Amino acid sequence: MLAMNYRGPYRIRADRDMPYPEILHPGDAIVKVTRSCICGSDLHLYHGMVPDTRIGTTFGHEFIGTVVETGSEVTRLKTGDNVLVPFNIACGACPFCKQELFGNCHESNPEATAVGGIFGYSHTAGGFNGGQAEYVRVPYADVGPYVIPEWMDMDDAVMLTDVFPTGYQAAEMGGIKMGDTVVVFGAGPIGIMAAKCAWLFGAGRVIVIDHIEYRLEFARQYAQCEAYNFKSLEDPVLFLKKTTDFFGADVCIDAVGCEAAGSALQTITGRKLMLQAGSATALHWAINSVKKGGIVSIVGVYGPTTNMVPIGNVVNKGLTIRANQASVKRLLPRLIDHVQKGHVDPKGLITHRLPLAEVPDAYRIFSSKLDNCIKTVLIP
Amino acid sequence: MENKELFGHIKGWGVDADPKNEPTYPMKKYTGDDHKRLNYDRPTLQPVTNEILHSNERPGVTAVFGTGQPPEGLSGAMRRYAFRYSEGSFSHWLPLLLADRVQMVEALVDDVKKGQIPDLIAEKGYKAEWKYNRAGVIRKGLMLAAVGALVILAVVQRNKRK
Ligand SMILES: NC(=O)c1ccc[n+]([C@@H]2O[C@H](COP(=O)([O-])OP(=O)(O)OC[C@H]3O[C@@H](n4cnc5c(N)ncnc54)[C@H](O)[C@@H]3O)[C@@H](O)[C@H]2O)c1
Ligand SMILES: [Zn+2]
Ligand SMILES: [Zn+2]
């Protein structure tokens, strides 16, 4: 079958000879993919930043499709169902799943305990092949996958597998109170969505920070927020302090993760020399520009080794840090309601649509931020 | 001004505001089940049919796992070595990162053995770069050419001096 095939940093093949997936566990289903996306998280893999990303892996954790085969234990799903598949692989039975920490399942990733299984996200997240393919194996098919309602647009459905839930959870973990000033670092799909969702929680002011002008403009339009280019601010932290009467933001959200720009020291030690797990510039700014007693919500992804962050300021300012992979299944009913009521238009983030056969170009466009790309959908 | 006037243009403003929702996720749904430790009904176990490395911070493999790309060759040996150390240790992650690079070379050798020379231009998506960032590609090309020329010049000079 046709699938994306990772060959090393910045090298990807659209490979027609990849093996078809098989049912390996009675709870599995095989899904024929109808749409899959490329995510900022995939870029960390593509850039070779995630340990144990083995050659020959197929990426892709944001996908929807049709069930074509089910294992003997599967009762809820049947052949022909159109499903959206949360990016977390979760058993639904372990103590973590019981607490709805579906991103932290204890039974889906042998290689690491810190994170649950994720489709197409290296062996550090379970060694599962992903959905940038014609077919994909979906474990625990009765737990995660959600039958797409008749009325729902397929583009909205695929955005419900990660982007909308992650952006929403970023805002939710911020514990936003009515009238709060919320600063979002990063104007990628996740940051833009987090800014949009901050309003749902009653934010009084929403500010987005990035350095890519077309993305800032997109954020202003899509999330009806303020947006500033940190390249034109001498010191983003000072700017944010000044614009909040020297108080600091009530809530800061890190929607950038380990490939942040903006600090030569962080970039050289983190992204070039790999002495730390990527550059923690945005997190640094978030901690320093939030108010005392404020909340920093992190959804940006960092590697497992270590990072330079001003933990002393976290102590001295009495900050609360909340972070996690998005727990997609937990949020779906609420978010589907938001889509139906027209509060949020997730598909509005999609700017590019390419055939799966052009997956190397699709990665390049998203990675190099070409052609005003925000979000790319691949069609097998 | 009332919130309605201030934020009326933003669809859904405040619909999820809920002061009682604190402390929110990931704390919200605490059940106490954690104290039961691993004594829960585990799902059916996927049979192990090839080599699956597992973190030494757990007693064995999880109920499901991916089976692709089992450890092989030198990179495989490095990965096995890495898994002797816990996730809290640099000795776990750094060999894995290194193994990733080693495997890239192993894969390249395999490709060449099969007579399959990788099409780097296609793999790296340079077609897209050329389409949308031609100036950048040309700039990079010129820079590389300039650096190359300088190196050649330096070598020639040095040889002359000898
Ligand atoms: N926790 C989760 O469940 C989850 C889910 C999806 C994505 N993610 C992570 O969220 C992050 C964002 O994802 P995305 O798809 O939007 O990626 P993206 O790469 O499209 O966006 C990142 C943005 O951050 C900007 N940026 C770089 N340095 C910055 C800085 N110092 N300050 C502010 N902005 C800066 C970049 O210009 C870019 O626009 C990634 O790390 C991704 O892995 C997490
Ligand atoms: Zn994603
Ligand atoms: Zn679980």
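Quick notes on the rules
Residues numbered from 1 in each chain as written. Chains lettered and ligands numbered in written order. Predicted model: local features only at pLDDT ≥ 70, side-chain atom pairs only at ≥ 80, totals over all residues. Heavy atoms only, no water. Domains from an automatic or database assignment. Near = heavy atom within 4 Å. Polar contact = N/O pair within 3.5 Å; in protein donor to acceptor, adjacent residues only side chain to side chain. Areas by Shrake-Rupley, 256 points an atom, 1.4 Å probe, with all protein chains shown as cover. Helix = DSSP H or I, 4+ residues; strand = E, 2+ residues; numbered from the N terminus. Nonpolar A, V, L, I, M, F, W, Y, C, P; charged D, E, K, R; others polar. Buried < 20%, exposed > 50% of the residue type's maximum accessible area, 1.4 Å probe, protein only. Contact = heavy atoms within 4.5 Å. Buried area = accessible area lost by both parts, 1.4 Å probe. Salt bridge = Lys/Arg side-chain N within 4 Å of Asp/Glu carboxyl O. Donors = N, O, S within 2.8 Å, 3.2 Å for Na, K, Ca; no water. Tetrahedral: all angles 85-135°; square planar, octahedral: opposite > 155°, others 65-115°.

Caption draft 1: Fine view of the domain arrangement of chain B. For chain B, the domain assignment lists domain 1 (3–118) and domain 2 (122–162). Computed from C-alpha atoms alone, the centre-to-centre distance between domain 1 of chain B and domain 2 of chain B is 39 Å.

Caption draft 2: Layout of the site of ligand 1. Residues and elements named next belong to chain A. Within the structure, ligand 1 sits among 34 residues, and Ser41, Asp210, Arg215, Ala261 and Ala326 are positioned closest to it. Between ligand 1 and Ser41 there is a distance of 2.7 Å, counted from an oxygen atom to a side-chain nitrogen or oxygen. One of the side-chain nitrogen or oxygen atoms of His211 is found 3.3 Å away from an oxygen atom of ligand 1. Protein contacts shield 96% of the accessible area of ligand 1, which totals 850 Å² for the unbound molecule. Only helix H1 (40–46), helix H5 (189–200), strand E11 (205–210) and helix H9 (281–289) provide two or more residues apiece to the shell around ligand 1. Of the residues forming the shell around ligand 1, the biggest block, four residues, is contributed by H1. In terms of residue class, the shell around ligand 1 is made up of 18 nonpolar, twelve polar and four charged. Split by domain, the shell around ligand 1 shows at least three residues from each of two domains, domain 1 (3–162 + 326–379) and domain 2 (163–323).

Caption draft 3: Region of the structure containing helix H4 (residues 163–173) of chain A. Residue and element names in this part refer to chain A. Of all eleven residues in H4, eleven are buried; the element is thus mostly enclosed. Turning to H4, its buried residues number three or more, namely Val163, Phe164, Pro165, Thr166, Gly167, Tyr168, Gln169, Ala170, Ala171, Glu172 and Met173. Just downstream of H4 lies Gly175, where phi reads positive at about 55°.

Caption draft 4: Region of interest: the interface of chain B and chain A. Taken together, the contact between chain B and chain A spans 77 residues of the former and 85 residues of the latter. Together chain B and chain A conceal approximately 6,700 Å² of surface at their shared face, both sides included; 55% is due to carbon and sulfur atoms. Along the contact surface separating chain B from chain A lie eleven salt bridges. A salt bridge links Arg7 of chain A to Asp111 of chain B; its shortest N-O distance comes to 3.7 Å. Partitioned by chemical class, the residues of the side of chain B that touches chain A number 36 nonpolar, 20 polar and 21 charged.

Caption draft 5: How the structure looks around the coordination of the zinc ion (ligand 2). Residue and element names in this part refer to chain A. Those donors, Cys39 (SG), His61 (NE2), Glu62 (OE) and Asp162 (OD), are the protein atoms that reach the zinc ion (ligand 2), and they lie 1.9 to 2.3 Å from it. Viewed at the metal, the four donor atoms of the zinc ion (ligand 2) are separated by angles of 94 to 135°, and the geometry they form is irregular. Sequence spacing among the residues donating to the zinc ion (ligand 2) works out to C-x21-H-E-x99-D. With Cys39 in the loop between strand E3 (29–38) and H1 and Glu62 in the loop between H1 and strand E4 (63–70), this pair connects stretches of sequence that are 23 residues apart.

Caption draft 6: Geometry of the coordination of the zinc ion (ligand 3). Residue and element names in this part refer to chain A. Note on the zinc ion (ligand 3): its protein donors are Cys91 (SG), Cys94 (SG), Cys97 (SG) and Cys105 (SG). The metal-donor distances range over 2.3 to 2.4 Å. Metal-centred angles of 100 to 118° between the four donor atoms at the zinc ion (ligand 3) mark the site as tetrahedral. All donors of the zinc ion (ligand 3) come from a single chain, and their spacing in sequence reads C-x2-C-x2-C-x7-C. Overall, the relative accessible area of 0% leaves Cys94 in the buried class.

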